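# A look at the structure
Take a look at the letters that make up each chain.
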Amino acid sequence: MDARLSSVFLRVRGYHLDGYGHVNNARYLEFLEEGRWAYFDERPALAEIIQGGEVAFVAVNLNIDYRRAAVAGEDLEVVTGLAELGSRSARMHQNIRRTRDGKTVASADLTFVLLDVAANKAVTIDGVLREAMAPLVVQEALDT
């Protein structure tokens, strides 16, 4: 896998399911969140900048495409990458795939801004943070 991507594996449990025996749509938010945490865990230099407390990544938009049902006992892989880096926002793309056949169960795009915590306003993504993020942008490997 491309080193700019992160991958985390999850097993669908009974408590993830809705009344129809499929993963509940809201649970996908948790799966995606797990993928994003793993992404930053694997990039400690980037995480350190954010953990300083002066700035924070704040989600401003999330779009999810549900493609096929996942059921109890299935193993899923959440692949996460930085798909776009703008001056004031960035976009992460994520795919949730069944490991048994590689089929995409859901895909999502999360747009976030960099928030100056003290001023409570979005700021430009620049300096050390931009230098750390720019080499991580990878669009082509995310579209599979």
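Heads up: the structure comes first, above all this text.
I will try to describe carefully the structure that is included in this document.

About the cut-offs
- Residues numbered from 1 in each chain as written.
- Predicted model: local features only at pLDDT ≥ 70, side-chain atom pairs only at ≥ 80, totals over all residues.
- Heavy atoms only, no water.
- Buried < 20%, exposed > 50% of the residue type's maximum accessible area, 1.4 Å probe, protein only.
- Helix = DSSP H or I, 4+ residues; strand = E, 2+ residues; numbered from the N terminus.
- Pairing = 2+ DSSP bridges.
- Core = buried A, V, L, I, M, F, W, Y, C linked by side-chain atoms within 4.5 Å.
- Phe/Tyr/Trp six-rings, centres within 6.5 Å; stacked < 30°, edge-to-face > 60°.
- Contact = heavy atoms within 4.5 Å.
- Polar contact = N/O pair within 3.5 Å; in protein donor to acceptor, adjacent residues only side chain to side chain.
- Salt bridge = Lys/Arg side-chain N within 4 Å of Asp/Glu carboxyl O.

Let us look at the pairing of strand S4 (residues 89-98). In terms of burial, S4 is a largely internal element, 9 of the 10 residues being buried. Note that strand S3 (residues 75-85) and S4 share 9 bridges and pair antiparallel. Within S4, the residue paired with Gly 81 across the bridge is His 93. Where S3 hands over to S4, the hairpin turn is made up of 3 residues, counted between the paired strands. Here 9 bridges tie S4 to strand S5 (residues 104-116), and the two strands are oriented antiparallel to one another.

With that settled, the discussion passes to unusual backbone geometry. For Asn 120, which is not a glycine, the phi torsion comes out positive at approximately 55°. Inspection of the secondary structure assignment puts Asn 120 in the loop between S5 and strand S6 (121-123). The class of Asn 120 is exposed, set by a relative accessible area of 58%.

Let us look at the nonpolar core. Counting residues in hydrophobic clusters, the biggest one holds 18 residues, and the most contacted among them are Phe 57, Leu 82, Phe 112, Leu 129 and Met 133. Every element with two or more residues in this core is listed here: helix H1 (27-41), helix H2 (44-51), strand S2 (55-66), S3, S4, S5 and helix H3 (127-133). Judged by nonpolar contacts, the second largest core, of 15 residues, contains Val 23, Val 78, Ile 96 and Ala 108.

Quick look at the packing of aromatic side chains now. Taken as a whole and assessed by the stated rule, the structure comprises 5 aromatic pairs. Aromatic side chains Phe 57 and Phe 112 sit 4.5 Å apart centroid to centroid with 55° between the ring planes, which places their arrangement in the tilted category. One end of the pair, Phe 57, is in strand S2; the other, Phe 112, is in strand S5, with 55 residues separating them in the sequence. Per residue, the accessibility class of Phe 57 equals that of Phe 112, and both read buried. Clustering of aromatic rings is evident, with ring pairs tying together Tyr 39, Phe 40, Phe 57 and Phe 112.

Its place among the elements puts Lys 121 in strand S6. A C-alpha to C-alpha distance of 9.7 Å links Lys 121 and Val 55, two positions 66 residues apart in sequence. What Lys 121 contacts, discounting residues up to four positions off in sequence, is Leu 114, Leu 115 and Asp 116.

With respect to the helices and strands, the residue Arg 91 is situated in strand S4. Separated by 46 residues in sequence, Arg 91 and Val 137 have C-alpha atoms that sit 9.4 Å apart. Separated by 2.7 Å, the side chains of Arg 91 and Asp 109 make a polar contact.

Under the definition given, this model contains 10 salt bridges. The partner of Arg 27 in a salt bridge is Glu 30, and the shortest N-O contact between them spans 2.9 Å. Remark: Glu 30 and Arg 27 occur in helix H1; sequence separation between them is 3 residues, near one turn of the helix. Take Glu 30: its relative accessible area is 43%, and that puts it in the partly exposed class. Taken together, the salt bridges that share partners define one network made up of Glu 74, Arg 98, Arg 100 and Asp 101.

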